[in-house]
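Residues per chain are reported as follows:
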Amino acid sequence: MVIEVVVLTGAGISAESGLATFRGDDGLWENHRVEDVATPEAFVRDPELVQRFYNQRRQQLLNPEIAPNPAHVALAELQRAKPGKVFIVTQNIDDLHERAGAEVRHMHGELLNIRCMACVQIQRTSHDVDETTQCSYCGVQGQMRPDIVWFGEMPYFMGEIEHALAQAEQFVAIGTSGLVYPAAGFVAQAKDYGARCVEINLEPTAVSSIFDQGYYGAASEEVPRWVETLL
Ligand code: APR
């Protein structure tokens, strides 16, 4: 099956679901500097702070008020309408795409996954994690970390993403500031491979000029509008 559309999503698609983006006006992510909570060095320096931060994010995600919005739903519909032809990759660590019914690749990991640093196995959790948490595979205690790709670590699925970008007729970036690599480089790659590139964002970004077309407004309105053009 040949991929027709590659969709890249970022924090902006989940903003209307009640999850904060990373680069708001104050430049902080939920009152923390990204470097204090999202690097391997931060985890070595202050594991309690980092675990507490992700425990809070996980509990926030599991709050019954947090739900997919029409943008997540429209992407799931698009994927269902074109089986095997719509590849969705997200920088987001929430599970709102899945809850809407889509299959996505989480290049930055998932908030509901934790990884054992002793045996490298990944397990699903909805619970808080701390130094007493035991790995359910190897039984070792105190070695569980969020399965999040932090700054300075290698994103997941890069080979598969590259392969999809090479095939796509259309590439769309939704709700991402286009500042964090390697995801920020996907538009240039897609363009080199001949794809038409579309940006959907609340407002033009620093990289808007690279795209062939832009839809500017709330993702919950603009994504369904764009999806309609493909169906
Ligand atoms: N609809 C559409 N776009 C929106 C909305 C909305 N309702 N609200 C915000 N946006 C846009 C903003 O204009 C901004 O361009 O979403 C973008 C969010 O940008 P960032 O906060 O930088 O998030 P993102 O691009 O996903 O960050 C990339 O950086 O910190 C790391 O690993 C983290 O995955 C993250 C990566």
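Whatever comes next refers back to the structure up there.
Here's a quick rundown of the structure. (Residues numbered from 1 in each chain as written. Predicted model: local features only at pLDDT ≥ 70, side-chain atom pairs only at ≥ 80, totals over all residues. Heavy atoms only, no water.)

## Some thoughts on the pattern of salt bridges
Part 1: Considering all chains together, one arrives at 13 salt bridges under this definition.
Part 2: One salt bridge in this structure joins D36 and R33, with 3.1 Å as the shortest N-O distance.
Part 3: We classify R33 as partly exposed; its relative accessible area is 43%.
Part 4: Three or more residues are tied together by salt bridges with common partners; here these are R33, E35, D36 and R45. (Salt bridge = Lys/Arg side-chain N within 4 Å of Asp/Glu carboxyl O. Buried < 20%, exposed > 50% of the residue type's maximum accessible area, 1.4 Å probe, protein only.)

## Here's the deal with the sheet that holds strand β6 (residues 144-148)
Part 1: Taken in spatial order, the 3 strands line up as β5-β4-β6 in an open sheet, and their pairing is antiparallel. Of all the strands in the sheet, the pair left with one neighbour each is β5 (122-124) and β6. Taken pair by pair, the neighbouring strands of this sheet meet at an average axis angle of 45°, ignoring direction.
Part 2: When strand β4 (residues 109-116) meets β6, the two strands line up antiparallel, connected through 5 bridges. Looking across to β6, one finds that E110 is bridged to D147.
Part 3: Relative to the sheet, helix α4 (residues 47-61) contacts β4 and β6, its axis offset from that of β4 by approximately 135°. (Pairing = 2+ DSSP bridges. Helix = DSSP H or I, 4+ residues; strand = E, 2+ residues; numbered from the N terminus. Axes fitted to C-alpha atoms, helices over the stretch in contact; angles between N-to-C directions. Contact = heavy atoms within 4.5 Å.)

## Side note on unusual backbone geometry
Part 1: For the bond from Y181 to P182, the omega torsion is 10°, close enough to zero to count as cis.
Part 2: Relative to the elements of secondary structure, P182 occurs in the loop between β7 (170-174) and α8 (186-192).
Part 3: A positive phi angle is found at V120, which is not glycine, with a value near 70°.
Part 4: Inspection of the secondary structure puts V120 in the loop between β4 and β5.
Part 5: In this structure, F157 takes a positive phi of about 65° despite not being glycine.
Part 6: With respect to the element layout, F157 can be found in the loop between β6 and α7 (158-167).

## Quick notes on the packing of aromatic side chains
Part 1: Counted by the stated rule, this structure contains 4 aromatic pairs.
Part 2: Their ring planes at 90° and their centres at 5.2 Å tell us that F53 and Y54 sit as a pair that is edge-to-face. Here the two residues F53 and Y54 agree in accessibility, since each one is buried.
Part 3: Judged by centre distance (6.2 Å) and plane angle (45°), the ring pair of Y54 and W150 falls under tilted. Here W150 lies in the loop between β6 and α7 and Y54 lies in helix α4, a separation of 96 residues in the sequence. As far as the burial class goes, Y54 and W150 line up, both buried. (Phe/Tyr/Trp six-rings, centres within 6.5 Å; stacked < 30°, edge-to-face > 60°.)

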